[in-house]
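# Analysis of the macromolecular model
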Amino acid sequence: MAATSLSANLGTSFYGGWGSSISGEDYHTMLAKTTAPRQHFAKLSRKPIRVQPMMKNVNEGKGLFAPLVVVTRDIVGKKRFNQLRGKAIALHSQVITEFCKSIGADAKQRQGLIRLAKKNGEKLGFLA
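Residues numbered from 1 in each chain as written. Predicted model: local features only at pLDDT ≥ 70, side-chain atom pairs only at ≥ 80, totals over all residues. Heavy atoms only, no water.

## Description of the overall build of the protein
Using the following cut-off: Segments assigned H or I by DSSP are reported as helices when at least four residues long, segments assigned E as strands when at least two residues long, and all are numbered from the N terminus. The cut-offs for exposure are 20% and 50% of the maximum accessible area for each residue type, with area from a 1.4 Å probe on protein chains only; residues under the lower value are buried, those over the upper are exposed, and the others partly exposed. Whether two residues touch is decided by their heavy atoms; if any such pair falls within 4.5 Å, the residues are in contact. For accessible areas, the Shrake-Rupley method is used with a probe of radius 1.4 Å. Any residue's cover is judged against the shown protein chains and nothing else.
Tallying secondary structure elements over the protein gives 5 helices and 0 strands in all. Listing each helix as α and each strand as β along the protein from the N terminus yields α-α-α-α-α. Expressed as a percentage of its 128 residues, the buried residues of the protein come to 12%. For the protein, restricting intrachain contacts to residue pairs at least 6 apart in sequence, the fraction spanning at least 24 positions comes to 57%. For the protein, the accessible surface area stands at approximately 11200 Å², while carbon and sulfur atoms represent 62% of it.

Structure below.
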C-alpha cells in the first residue's frame, strides 16, 4: 500500500496525476491491450491513390521554332505529327550515340548529351 501511495503521490506531482488512476493490475491490462496486434486496422488501410504526372513542356508556345511546330501540327494532325516527332527524336538520339562512339564517351556521358538535346529542344520550341 505504501508503494501505491508513493507512486500516486509522485504521479500527481508530475504532469497532472495520471499515475494515481493506474494501479498495478490495471497498468498491466492496459499495457497488454496496447501491445496486442491490431488486425482490424489491416482491413482499413488502403493504398494511396497516385495521380499520374503529366509530362508537359514548361516552354510550350515559346521559343524560336514554336510557331512553326504548332502550324505543322495543325496541318498534319496530332497523331501523325507525334509519329514524325518520335522518328525525329529517335534519329537524333542515334546521331548522338554515333558521335559518342566516335569520341569514346561512355553511356553516362551519352545519356547526359541526350538530356541536354531535349532541354535545348524545349527551349527552342521544337517540343511545343
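There's plenty left to go through after this.
## A word on helix 4 (residues 78-103)
What counts is decided by this rule: How far a helix is expected to stretch is found by multiplying one less than its residue total by 1.5 Å.
In this model, helix 4 (26 residues) spans 37 Å end to end at C-alpha, consistent with the 38 Å of a helix rising 1.5 Å per residue. Where helix 4 is concerned, the buried positions are Phe 81, Ile 96 and Cys 100. Buried residues in helix 4 make contact with helix 3 (66-76) and helix 5 (107-124). At the exit of helix 4 stands Gly 104, carrying a positive phi of roughly 80°.

## Points about the packing of aromatic side chains
What counts, and what does not: We call Phe, Tyr and Trp rings a pair once their centres come within 6.5 Å, taking the six-membered ring for Trp, and we label the pair stacked below 30 degrees between planes, edge-to-face above 60, and tilted otherwise.
A full pass over the atoms with the stated rule returns 1 aromatic pair. Measuring from ring centre to ring centre gives 4.6 Å for Phe 65 and Phe 126, while their planes differ by 15°; the resulting arrangement is stacked. Pair noted here: Phe 65 is in the loop between helix 2 (24-35) and helix 3 and Phe 126 is in the segment after helix 5, with a separation of 61 residues, a long-range link.

## Observations regarding the confidence of the model for the protein
Rule in force here: The score called pLDDT rates the predictor's confidence residue by residue, from a low of 0 to a high of 100.
When pLDDT is averaged along the protein, the result is 75; 54% of the residues meet or exceed 70. For the protein, the element scoring lowest by mean pLDDT is helix 1 (residues 2-13), at 48; helix 4 scores highest, at 93. Low pLDDT, under 50, characterises residues 5-14; the predicted model gives this stretch 7 contacts beyond four residues in sequence or across chains.

## Thoughts on the packing of helix 3 against helix 4
Helix packing geometry: the angle between the two helix axes and the distance between the axes. Put simply, the rule is: Simply put, an axis is a line fit to the C-alpha atoms, just over the touching stretch for a helix, and the angle between two N-to-C directions goes from 0 to 180 degrees. To sort the angles, those under 35 degrees are grouped as roughly parallel, those over 145 as roughly antiparallel, those from 65 to 115 as roughly perpendicular, and the leftovers as oblique. In this scheme, a crossing is called left-handed if the near helix is turned counterclockwise away from the far one by less than a right angle; it is called right-handed if the turn is clockwise.
Where helix 3 contacts helix 4, the axes come no closer than 6 Å and their chain directions differ by 125°. When the interaxial angle is binned, helix 3 and helix 4 end up oblique. Between helix 3 and helix 4 the crossing geometry is right-handed. Mapping the contact onto sequence places Val 69, Thr 72, Arg 73 and Val 76 in helix 3 and Lys 78, Arg 80, Phe 81, Leu 84 and Arg 85 in helix 4.

## Re the pattern of salt bridges
Rules: Salt bridges, as used here, are contacts in which a Lys or Arg side-chain nitrogen is within 4 Å of a carboxyl oxygen on Asp or Glu.
In this structure the tally under the stated criterion is 1 salt bridge. The shortest N-O distance in the salt bridge between Lys 101 and Glu 98 comes to 3.9 Å. Here Lys 101 pairs with Glu 98, and both are found in helix 4, just 3 residues apart, close to one helical turn. Residue classification places Lys 101 among the exposed residues on the basis of a relative accessible area of 60%.

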